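# Observations on the three-dimensional arrangement
Below are the chains, spelled out letter by letter.
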Amino acid sequence: MLSQALLGARAATAALTFDFAANHFMHDFLVQAAIFLLAAAVAAPIAKRLQIGSVLGYLFAGMLIGPYGLGQILPIYPAQTVLGFAELGVVLLLFVIGLELQPRRLWAMRHAVFGYGAAQVVLTGALIAIAAGFLGLAWQQAIFVGLALALSSTAFTVQVLGERKELTAKHGRLAFSVLLFQDLAAIPILALVPMLAGTQGPGATGAFSLDVIGTLKAFAILGAVIIGGRLVLGRVYKLVAATGLREAMTATALLTVIAVALAMEAAGLSAALGAFIAGALLADSEYRHAVEADIEPFEGLLLGLFFTAIGMSLNVELMRTQPFLVLGLVAGLLAIKSLALYVIGRAYRLNNRGARRMALACSQGGEFAFVLFGTAVLGGLIGKPLSDLLTVVVTLSMMGTSLLLFLDDLWQARQPVIAPLYETPPAEQGHVIVAGFGRFGQIVARILRAKRIPFTALEISSEQVDFVRQFGSRIYYGDASRLDILRAAQAGEARAFVIAIDDMDAATKTAQVVRTHFPELKIYARARNRQHAYALLDLGVEVIRRETYESALDLTREVLRGLGYRETEVKRSVQLFKTFDEKRLIEDYKLASDTDKLRARARSSIEELQQLFEEDAASAALADAAKPALKVVGGER
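Residues numbered from 1 in each chain as written. Predicted model: local features only at pLDDT ≥ 70, side-chain atom pairs only at ≥ 80, totals over all residues. Heavy atoms only, no water.

## Quick notes on the packing of helix H6 (residues 139–150) against helix H16 (residues 367–378)
It is at 9 Å that the axes of H6 and H16 come closest, and there the two elements cross at 155 degrees. Viewed along their axes, H6 and H16 adopt a mutual orientation that is roughly antiparallel. Every pair of crossing elements has a handedness; the one defined by H6 and H16 is right-handed. Each of Phe144, Ala148 and Leu149 in H6 lies in contact with H16, whose residues at this interface are Ala369, Leu372, Phe373 and Ala376. The residue makeup of the contact of H6 with H16, split by class, is seven nonpolar, no polar and no charged. (Axes fitted to C-alpha atoms, helices over the stretch in contact; angles between N-to-C directions. Helix = DSSP H or I, 4+ residues; strand = E, 2+ residues; numbered from the N terminus. Parallel < 35°, antiparallel > 145°, perpendicular 65-115°, else oblique. Left-handed = near helix turned anticlockwise from the far one by under 90°. Contact = heavy atoms within 4.5 Å. Nonpolar A, V, L, I, M, F, W, Y, C, P; charged D, E, K, R; others polar.)

The structure is reproduced here in structure tokens:
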């Protein structure tokens, strides 16, 4: 009995100890989670307000709570512990990148991505590798460091260009293409680490040592993942989607990423490579957007945690003990990358400013470098001191990029704006002039070209001209509201003038100049809204089309058909509205200057239109009722 009591007491004590440990662990975990979530919640908004990018905000937050900051007085998890979990954010980032890389999108951007993007990585990597060799690194380390530092920060650059509204500019599109190739290049660079590591150290022969069996195993698993993913993933997501449970879709998406990543690790390959392949397998799936929407919150939060952990692991002591070495390496990195990127930009036919902006925006080291350095340390390719030094350099290069762009903005603001010379279109007769070559004007021009009707397209945006010309369109840089440009375009010999300009004021000014100096030239104008239509009517323009009007009517036809209305009723209802609205447009035009009367007419038009539809429905019902009688009368005859 006593022994049983002792055993029971020991069991009870063990249970209490376990409960205490579990409760203590949960409490500790919640405290740590609160610290990191607070850092992320504060860092990102402040960084955005300061326009330095959320990545820098997370890095600063990590430095603040790291071992050189609050970590000295608070019991905060070490950076390596956090990194072990936060690296899932990088894995999810690669998964999302894979989701976005649809084959059609890559094919449309193939020249910029695989041409200029590849040239940037090779040129920048070679220059940095040469510099690293002169600084005393082994050739294997120099190649790796050159390639790792050739990569820029996708998140940082896209955010910086987006804030400055330069992503849609020509240099912004080239920067995105280069970043896209860098995202792809990060995968094979990861795969290079074990091969480069195998050529140095004790017993190394100087040649790449490959495990044939291991390599075959890796390719077999890779092939199985690709083929199995193609055959299985679509069916799995279809079954899960049929349940209607969003949390099940989220769990399936996360399971997909983790399962493929584990399979890749079993093959000796990178988990990031597995995540990228998993995303690419779903890029053409109808569930791509749903999966991306479910994954992105986890990806963003974990990626923020990853950068915070990088900031915590930043060796601030290096900046104190070797400031000149660190700053010299940062300056060298920014200079080499900016030079290489500027050359690439000029080869892409960017002007001086565009090439400079693209070069500065992409001059920093990237977040993938942190992953590559960690992998290289684990693989024995580089040592921890070198990794710490390079991590500091990459982090400071992001800060340096922000400073360089800020200084360039200040310098550019003081420079006189010199617009490029307008082009002179060739002399033509009996042609059509299309002013404005955006989404509206291009549709008009495509039909004219298909009908072999000569036309001259004028566009005031030089970047749009450069972009459209890549697709073989005849377009000239010029301001259609300037009389000398219109005369150069032979407006006096033209058969028609199409105004498809986005800006309402510019479109109205163009119509005024054409109507004044070329009164015989018929104008066909695009109106953005009713007020714009009134302004064009003031100038005597007779043929006006509101840009969303016809497409809205066409969509309404489809809606009515989908609701079960007969085709005759659909056509009659839409035509009745169109006739009524066009009549009211002309009537309202006479009151365009009286806002109060327009508001009153708008309210009355709702009741009037409803009455018209009711009368039309009654007439249609009478007509339907009369049809059998007419048939009977016809039969008696």
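## Here we look at the packing of helix H5 (residues 110–134) against helix H14 (residues 323–347)
Packed helices, taken two at a time, are described by their axes: the angle between them and the distance between them. Look at H5 against H14: their axes get within 9 Å of each other, and the N-to-C directions meet at 150 degrees. When the axes of H5 and H14 are compared, the pair comes out roughly antiparallel. Between H5 and H14 the crossing geometry is right-handed. Contacts between H5 and H14 involve Tyr116, Ala119, Gln120, Leu123, Thr124, Leu127, Ile128 and Ala131 from the first element and Leu333, Ile336, Lys337, Ala340, Leu341, Ile344 and Ala347 from the second. In terms of residue class, the contact of H5 with H14 is built from twelve nonpolar, two polar and one charged.

## Quick look at the pairing of strand S4 (residues 496–499)
Here S4 shows a buried face lined by Ala496 and Val498 and a second buried face lined by Phe497 and Ile499. By the bridge criterion, four bridges tie strand S1 (residues 432–435) to S4 in an arrangement that is parallel. Along S4, the bridge assignment pairs Ile433 with Phe497. Sheet topology note: the S4/strand S5 (residues 523–527) ladder contains three bridges and is parallel. Paired with Phe497 across the bridge in S5 is Ile523. Read as a crossover between parallel neighbours, the route from S4 over helix H21 (residues 504–517) to S5 is right-handed. (Buried < 20%, exposed > 50% of the residue type's maximum accessible area, 1.4 Å probe, protein only. Pairing = 2+ DSSP bridges. Right-handed = clockwise from strand over helix to strand, strands pointing away.)

## Overview of unusual backbone geometry
A positive phi angle is found at Arg349, which is not glycine, with a value near 70 degrees. Among the structural elements, Arg349 can be located in the loop between H14 and helix H15 (352–361). Positive phi is not limited to glycine here, since Gln490 has a value of about 60 degrees. Classification of Gln490 by relative accessible area gives partly exposed; the value is 25%.

## Describing the pattern of salt bridges
Across all of its chains, the model carries nine salt bridges by this definition. Its salt-bridge partner being Arg356, residue Asp408 comes within 2.7 Å of it at the nearest N-O pair. One end of the pair, Asp408, is in helix H17 (residues 384–413); the other, Arg356, is in helix H15, and 52 residues separate them in sequence. What makes Asp408 buried here is its relative accessible area of 7%. Across the pair Asp408 and Arg357 runs a salt bridge whose closest N-O atoms are separated by 2.7 Å. Of this pair, Asp408 sits in helix H17 while Arg357 sits in helix H15, and the two are 51 residues apart along the sequence. Taken individually, Asp408 and Arg357 each receive the classification buried, so the pair is uniform in this respect. When salt bridges with common partners are traced through the structure, they connect Glu166, Arg356, Arg357, Asp408 and Asp409 into a single cluster. (Salt bridge = Lys/Arg side-chain N within 4 Å of Asp/Glu carboxyl O.)

## So, H5
Helix length check: H5 (25 residues) gives 35 Å between terminal C-alpha atoms against 36 Å at 1.5 Å per residue, within 8%. Residues Ala112, Val113, Gly117, Ala118, Gln120, Val121, Thr124, Gly125, Ile128, Ala129 and Ala132 constitute the buried set of H5. Contacts from the buried residues of H5 go to H6, helix H8 (170–197) and H14. Remark: Gly136 follows H5 within two positions and exhibits a positive phi of approximately 105 degrees. (Expected span 1.5 Å × (residues − 1).)

## As for the environment of Ala480
Mapped onto the secondary structure, Ala480 falls in the loop between strand S3 (476–477) and helix H20 (483–488). Since its relative accessible area comes to 5%, Ala480 is described here as buried. In this structure the C-alpha to C-alpha distance between Ala480 and Ala506, which are 26 residues apart in sequence, comes to 8.7 Å. What Ala480 contacts, discounting residues up to four positions off in sequence, is Ala435, Leu458, Leu486 and Thr510.

## Side note on the packing of aromatic side chains
Applying the stated criterion to the full structure yields three aromatic pairs. Plain terms: the ring middles of Tyr116 and Tyr348 are 4.9 Å apart, the flat faces sit at 85 degrees to each other, and that makes the pair edge-to-face. With a gap of 232 residues between them, Tyr116 in helix H5 and Tyr348 in the loop between H14 and H15 connect regions that are remote in the sequence. Where Phe144 meets Phe373, the ring centres are 6.4 Å apart and the plane angle is 70 degrees; that geometry is what we call edge-to-face. Separated by 229 residues along the polypeptide, Phe144 in helix H6 and Phe373 in helix H16 bring together distant segments of the chain. A residue is classified by how much of its surface remains accessible, and Phe144, at 1% relative accessible area, is buried. (Phe/Tyr/Trp six-rings, centres within 6.5 Å; stacked < 30°, edge-to-face > 60°.)

## Observations concerning the nonpolar core
By size, the foremost hydrophobic cluster in this structure holds 95 residues, and its most contacted members are Phe95, Phe144 and Phe373. Looking at this core, the element that brings in the most residues is H8, giving eleven residues. Judged by nonpolar contacts, the second largest core, of 27 residues, contains Ile485, Val513, Val514 and Ala527. (Core = buried A, V, L, I, M, F, W, Y, C linked by side-chain atoms within 4.5 Å.)

## Looking at the pairing of S1
Where burial is concerned, the two faces of S1 agree: the one with Val432 and Val434 and the one with Ile433 and Ala435 are both buried. Of the pairings in the sheet, the one linking S1 to strand S2 (residues 455–459) comprises four bridges and is parallel in character. Residue pairing for S2: Val432 is matched across the bridge by Phe455. Between the parallel pair S1 and S2, the chain is carried across by helix H18 (residues 439–450), and the sense of this crossover is right-handed.

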